[in-house]
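Each chain, letter by letter, is given below.
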Amino acid sequence: MLDIFQFDFMIRAFIAGGVIAICAPFIGTFLVVRRYSLMADTLAHVALAGVAVGLLTKTQPIVTAIIAAVVAAIGIERLRSTKRIFGESVLALFLSGSLAIAAVLLSLAKGFNVNLFSFLFGSIATVTPTDLSIIVTLGIVVCVLILALYKELFFVSFDEELAKANGLRVRMLNMLLVILAAVTVALAMRIVGVLLIGALMVIPVITAMQVARSFLHTMVIAVMVSLVAVYSGLFFSYYLDLASGGTIVVVALLFFIISTVIQKRV
Amino acid sequence: MNPNPTSPSPSSSCVEFHRVNFQYDSTPVLHDINFRIDFGDYVGILGPNGSGKTTVLKIMLGLLKPTSGMVKLFGEDINYFKDFSWIGYVSQWVSHSGWGFPATVQEVVRTGRIAKVGILRRFQPEDYAAVEQAMETTGIRQFANRLITQLSGGERQRVFIARALAAQPKMLILDEPTVGVDLPSQEQFYTLIRKLNEEMGMTIIFVSHDIDVITHESKNILCLNRELICHVASKDFISSEHLEKLYGRKGKYILHGH
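Residues numbered from 1 in each chain as written. Chains lettered and ligands numbered in written order. Predicted model: local features only at pLDDT ≥ 70, side-chain atom pairs only at ≥ 80, totals over all residues. Heavy atoms only, no water.

Engineer: How should I be thinking about the overall build of chain B in this particular structure?
Structural biologist: When helices and strands are counted, chain B shows 7 helices and 10 strands. When burial is assessed residue by residue, chain B has 55% of its 258 residues classed as buried. Contacts in chain B between residues at least 24 apart in sequence constitute 68% of all its contacts with a sequence separation of at least 6. (Helix = DSSP H or I, 4+ residues; strand = E, 2+ residues; numbered from the N terminus. Buried < 20%, exposed > 50% of the residue type's maximum accessible area, 1.4 Å probe, protein only. Contact = heavy atoms within 4.5 Å.)

Engineer: Mind showing me how you'd approach helix α2 (residues 37-57) of chain A here?
Structural biologist: Every α-helix winds through 3.6 residues per turn, so residues three or four apart in the chain are directed the same way. An ideal rise of 1.5 Å per residue puts 30 Å on 21 residues; α2(A) measures up with 32 Å between its terminal C-alpha atoms. With its phi angle positive at about 55 degrees, A:Lys58 sits one or two positions after the end of α2(A). (Expected span 1.5 Å × (residues − 1).)

Engineer: When you look at the packing of helix α3 (residues 61-82) of chain A against helix α9 (residues 170-192) of chain A in this model, what are you seeing that I'm missing?
Structural biologist: The relative placement of two packed helices comes down to the angle between their axes together with the axis-to-axis distance. Residues and elements named next belong to chain A. Closest axis-to-axis distance for the α3/α9 pair is 8 Å, and the angle between their directions is 150 degrees. With respect to their mutual orientation, α3 and α9 come out roughly antiparallel. Note on packing geometry: the crossing formed by α3 with α9 is right-handed. Of α9, the residues touching α3 (which contributes Pro 61, Ile 62, Ala 65, Ile 66, Ala 69, Val 70, Ala 73, Ile 74, Glu 77, Arg 78, Arg 80 and Ser 81) are Arg 171, Asn 174, Met 175, Val 178, Ile 179, Ala 182, Val 183, Ala 186, Leu 187, Met 189 and Arg 190. Split by residue class, the contact of α3 with α9 holds 16 nonpolar, 2 polar and 5 charged. (Axes fitted to C-alpha atoms, helices over the stretch in contact; angles between N-to-C directions. Parallel < 35°, antiparallel > 145°, perpendicular 65-115°, else oblique. Left-handed = near helix turned anticlockwise from the far one by under 90°. Nonpolar A, V, L, I, M, F, W, Y, C, P; charged D, E, K, R; others polar.)

Engineer: Just to check I follow, could you spell out the interface of chain B and chain A for this structure?
Structural biologist: Frequently, the measure chosen for interface size is the accessible area removed from exposure when the parts meet. Each side of the interface is counted separately: chain B has 33 residues, and chain A has 27 residues. Of the roughly 2,500 Å² buried between chain B and chain A, counting both surfaces, carbon and sulfur atoms make up 65%. Three residues stand out in chain B for area buried against chain A, namely B:Phe101, B:Pro102 and B:Ile114, and they jointly supply 23% of the buried area on that side. With its nearest N and O atoms 2.9 Å apart, the salt bridge here joins B:Arg163 to A:Asp159. Among the elements of the structure, α2 (105-117) and α4 (153-166) of chain B are those that each provide at least two residues to the side of chain B that touches chain A. The element contributing the most residues to the side of chain B that touches chain A is α2(B), with 7 residues. Class assignment of the residues belonging to the side of chain B that touches chain A gives a composition of 18 nonpolar, 11 polar and 4 charged. (Buried area = accessible area lost by both parts, 1.4 Å probe. Salt bridge = Lys/Arg side-chain N within 4 Å of Asp/Glu carboxyl O.)

Engineer: What exactly am I supposed to notice about the confidence of the model for chain B here?
Structural biologist: Should the pLDDT be low somewhere, the predicted coordinates at that spot are not to be read in detail. Residues and elements named next belong to chain B. Mean pLDDT for chain B: 84, with 86% of residues reaching 70 or above. Element-level pLDDT for chain B is lowest in helix α7 (residues 239-247), with a mean of 67, against a maximum mean of 95 in helix α3 (residues 125-137). Contacts for the low-pLDDT stretch residues 1-10, under 50 throughout, to residues beyond four places or in other chains number 12 contacts. In the predicted assembly, ipTM is 0.88 and pTM is 0.88. (pLDDT = per-residue confidence, 0-100.)

Engineer: Hey, could you run me through the sheet that holds strand β1 (residues 13-24) of chain B in this one?
Structural biologist: Strand-to-strand pairing in sheets goes through backbone hydrogen bonds, with the strands running parallel or antiparallel. Residues and elements named next belong to chain B. One open sheet accounts for 4 strands, arranged β2-β1-β4-β5; its pairing is antiparallel. On the outer flanks of this sheet lie β2 (27-38) and β5 (76-77), each paired with one strand and no other. The sheet contact formed by β1 and β2 spans 8 bridges and is antiparallel. Bridge pairing links Phe 17 to Phe 35 in β2. Strand contacts of helix α1 (residues 53-60): β1, β2 and β4 (68-73), with the helix running at about 120 degrees to β1, the strand carrying the most contacts. (Pairing = 2+ DSSP bridges.)

Engineer: Hey, could you run me through the nonpolar core in this one?
Structural biologist: The nonpolar side chains of a soluble globular protein tend to be buried, and buried together. Within the largest apolar cluster, 176 residues are counted, with the highest numbers of intra-cluster contacts made by A:Ile146, B:Val15, B:Phe17, B:Met60 and B:Val109. Broken down by element, this core gets its largest block of residues, 16 residues, from α9(A). When residues no more than four places from it in sequence are discounted, the contact partners of B:Phe17 are B:Ile33, B:Asn34, B:Phe35, B:Val56, B:Ile59, B:Met60, B:Met70 and B:Val71. With 9 residues, the next largest nonpolar core counts A:Val202, A:Val205, A:Ala208 and A:Ala222 among its residues. (Core = buried A, V, L, I, M, F, W, Y, C linked by side-chain atoms within 4.5 Å.)

Engineer: Where do I start with a nonpolar patch on the surface in this structure?
Structural biologist: Residues and elements named next belong to chain A. A cluster of nonpolar side chains, Leu 2, Phe 5, Ile 11, Ile 15, Phe 236, Tyr 239, Leu 240 and Leu 242, forms an exposed patch at the surface whose accessible area comes to about 690 Å². Those elements that provide at least two residues to the nonpolar patch are α1 (8-33) and α11 (215-240). The element contributing the most residues to the nonpolar patch is α11, with 3 residues. The residue Ile 11 is located in helix α1 in this model. Taking relative accessible area as the criterion, Ile 11 reaches 36% and is therefore assigned partly exposed. (Patch = residues over 30% accessible without salt bridge, like charges linked within 9 Å, V, L, I, M, F, W, Y side chains within 5 Å. Areas by Shrake-Rupley, 256 points an atom, 1.4 Å probe, with all protein chains shown as cover.)

Engineer: Teacher, can you tell me more about the packing of α2(B) against α4(B) here?
Structural biologist: Residue and element names in this part refer to chain B. Where α2 meets α4, the closest approach of the two axes is 6 Å, and the angle between their N-to-C directions is 35 degrees. For the crossing formed where α2 meets α4, the hand is right-handed. Across from Val 105, Val 108, Val 109, Thr 111, Gly 112 and Arg 113 in α2, the residues of α4 making contact are Val 159, Phe 160, Ala 162, Arg 163 and Ala 166. Its residues assigned to classes, the contact of α2 with α4 shows 7 nonpolar, 2 polar and 2 charged.

Engineer: Just checking my understanding: could you explain the sheet that holds strand β3 (residues 42-46) of chain B for this structure?
Structural biologist: All names here are of chain B. Within the open sheet, the 6 strands sit side by side as β6-β7-β8-β3-β9-β10. Their pairing is mixed. Two strands in the sheet have a free side with no partner beyond their single neighbour: β6 (87-90) and β10 (227-233). In this sheet, neighbouring strand axes are inclined to one another by 15 degrees on average, regardless of whether the strands run parallel or antiparallel. As defined by bridge partners, β3 adjoins strand β9 (residues 220-225) across 4 bridges and the pair is classed as parallel. If you follow Val 43 over to β9, its bridge partner there is Asn 220. On top of the sheet, α4 reaches β6 and β7 (171-175); it is set at about 165 degrees to β6, its chief contact.

Take a look at the structure:
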């Protein structure tokens, strides 16, 4: 049929892309309504530092990226809950701090080359079979946990204090959410790129919020927008030889613009 | 007069504070607070800003731990108390993260039921029924599928009460429940609370700085200003005498003419 599917790497990109297209808005919905939109971007930069560690130590970059992002997520959540530093200052600290660490490590690893560009902006040709199995396995774990804890995560996002008064384990749920966000970011890095993951987690969600009529509805629409964006992005990326992350996010952006025009008809 | 057979006997207490002290870091907020609130009571907690009213509520809800002293809920030490679904809580509505949050009335009311349903479990028919009933009682059923951002302050207030009722609590705690709510909605609100207290035997505790409302609506009054100034029946509350103690001068400045 289409020559695009003649190549194994394209098939891997499509499977990985589908998993990420579902995970990103699942997590993104909770991040956006909690005013955590910048969390994804911050974790992405931390993941880049993880990639640098991977390149330097010659281990799987996706593994070191996941570890770095999860450790940072725990650190961010801890610092934020002590309330001794403002939430967004914590994010700024980790974002620029980890970028600095990444820059230092990458120059040590002599990693400033084309390879780095693919990590920054995403590349469809780089999903290895190992990457794919990690993405699919952890992607399923993320989705299952989000669905299983949907009502608790919704409650904590809507009213943290009441959730606490009702005896929910709020700190554990908050921690879990940021850890899942970290994992998703690290998984999405290959296809969407470090600099654009935040966009894939946020833009489909705010697009959905323009037209959705409930929280569940928001999540469903966000996933649909994200799937269309990822798949059309992959197609354009292949046929027009464009960076996949950029193409995906530009498509998502178009959806957002359309949604603001449609808006809510009450 | 308690229709709920699983409730403890009406003579037992809902909340007891014994010699409770509380301080934030090193700033004392509450000093040696002692009181007891019985089943079926309707208590208004009155005090100026910064008097520790909200702190008292948060201690009752288990959100804050007293620095010293003992708190009992339904006769049990709060440290061992597990049934927090017996307590419905409506916080100051301005503090809700409701702005722009894409949730429907129904989705919000259901959160009141989540602790009762339990983690990793699905809603059962009786849970949906309780949610429906709560929306019915508060008169918001026609808004069930509306986004909460599309509601007025008064309507949204009723959503939060419905959410508290969805857990079928024995006691309802309200913090400044009518701030930001227009006058007709306030009257509707107090009629509803009175009904919950009188017809369903629910214990009501509410915090307000509005003396008129408290003396008019509640059965008993707790006056608080870092320490307990008085705990009297509303009909025995003599404004001038207690208010001077409460506010340190004639209370005229804070009497609202509603």
